[in-house]
Amino acid sequence: MNTPGTYFESQYAHAEDPWHLAERWYDRRKYELTLAALPRPRYRRGFEPGCSVGVLTSLLAPRCDRLLSADRIASAVETTARRTRALEQVTVRRLAVPDEWPEEQFDLVVLSELLYYFDAPTRTRLLQRSAQSLEPGGHLVAVHWNHAVAEHTCTGRDIAAELDALSGLGRLARYDDPDFTLTVHERRHDGGPARSPAQAEGLA
Ligand SMILES: C[S@@+](CC[C@H](N)C(=O)[O-])C[C@H]1O[C@@H](n2cnc3c(N)ncnc32)[C@H](O)[C@@H]1O
C-alpha cells in the first residue's frame, strides 16, 4: 500500500521541517555525497519530486540551468519556494507523483528519500515515468535510507536493485553504507552502454 497523503499532511501539521533536514549532519553528509556523485558539472533541466523543505533543492540549483522541484504538501512547497526565492532557476510546484507528472524532458531526475513510501507497482510506475522523462544520456539519481522504518515499504538497497532491472538505464555509480544507498543511472543512447565522466570528456 502507498503511504497516504494524510500521513504527510499530519507530519507537516506538527513541524515545518518534520525530518529535520536542515539540521542533521546525516542529511548534510548525504547531500554532499549526492552532489559529488553527479556525473556532470551542470545540467540544463533537473526534476526533484518529493523536495520537502527544499534543502537539497538549494544545493542542486547551482548545478542546474533550470530546476523543477515538487512536493504533494502545500506547506512544503511554500517552504521550498521561500528557501530558494533568490535562485531564479528554481520552480516549485505542488504535484503528487507519479499520477501528476511534468510534461517536460529532463537531463537530471533526483529521487531522494521518496520511493519507499510507495508499494512495488507504484514504485515501478514512478521509476518508469522518471526514466521516460530523461533525455538520452540523462541521469537518474536515487538515494534512500537502508534501516527498517514502519512506514517504509523497502530499503535503499531494494530500490537500487529495481533500478538495475529497469530497461533502458545503465548504472554509472553506486555508494552503499549502513545508512543509505545512492545510485546514478544513465538513460542509454540507442541501447549503448552508460558513459562515465572520463569517457564523456574523452579521457577513457
Ligand atoms: C522524507 S521527505 C524527503 C525530502 C527530500 N527529498 C530530501 O531528501 O531531503 C519525503 C517528502 O516526499 C513528499 N512526498 C511523499 N509522497 C509524495 C508524492 N506522491 N508526490 C510528491 N511528494 C511526495 C513528502 O510530502 C515529503 O515532503
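See the structure shown above.
Residues numbered from 1 in each chain as written. Predicted model: local features only at pLDDT ≥ 70, side-chain atom pairs only at ≥ 80, totals over all residues. Heavy atoms only, no water.

**Q** Help me understand the nonpolar core in this model?
**A** Burial of nonpolar side chains together is a common tendency in soluble globular proteins. Residues F47, L111 and L126 are the most contacted members of the largest nonpolar core, which totals 52 residues. Beyond its immediate chain neighbours, meaning those up to four positions away, L126 contacts V97, P98, W101, L111, L114, L115 and F118. (Core = buried A, V, L, I, M, F, W, Y, C linked by side-chain atoms within 4.5 Å. Buried < 20%, exposed > 50% of the residue type's maximum accessible area, 1.4 Å probe, protein only. Contact = heavy atoms within 4.5 Å.)

**Q** Teacher, can you tell me more about the site of the ligand here?
**A** Residues in close proximity to the ligand total 19 residues, the closest being Y12, Y31, G50, D71 and S112. Here an oxygen atom of the ligand sits 2.5 Å away from a polar atom, N or O, in the side chain of Y31. Between an oxygen atom of the ligand and a side-chain N or O atom of S112, the distance comes to 2.5 Å. For the ligand, the accessible surface in isolation is 600 Å², of which the surrounding protein chains cover 98%. (Near = heavy atom within 4 Å. Polar contact = N/O pair within 3.5 Å; in protein donor to acceptor, adjacent residues only side chain to side chain. Areas by Shrake-Rupley, 256 points an atom, 1.4 Å probe, with all protein chains shown as cover.)

**Q** What is the right way to read the pairing of strand β6 (residues 169–176) from this model?
**A** Successive residues of a regular strand alternate their side chains across the two faces of the sheet. Across seven bridges, β6 lies against strand β7 (residues 180–187) in antiparallel orientation. By the bridge assignment, G170 is partnered in β7 with E186. Taking the residues that link successive antiparallel strands as the turn, the β6-β7 hairpin has three residues. (Pairing = 2+ DSSP bridges. Helix = DSSP H or I, 4+ residues; strand = E, 2+ residues; numbered from the N terminus.)

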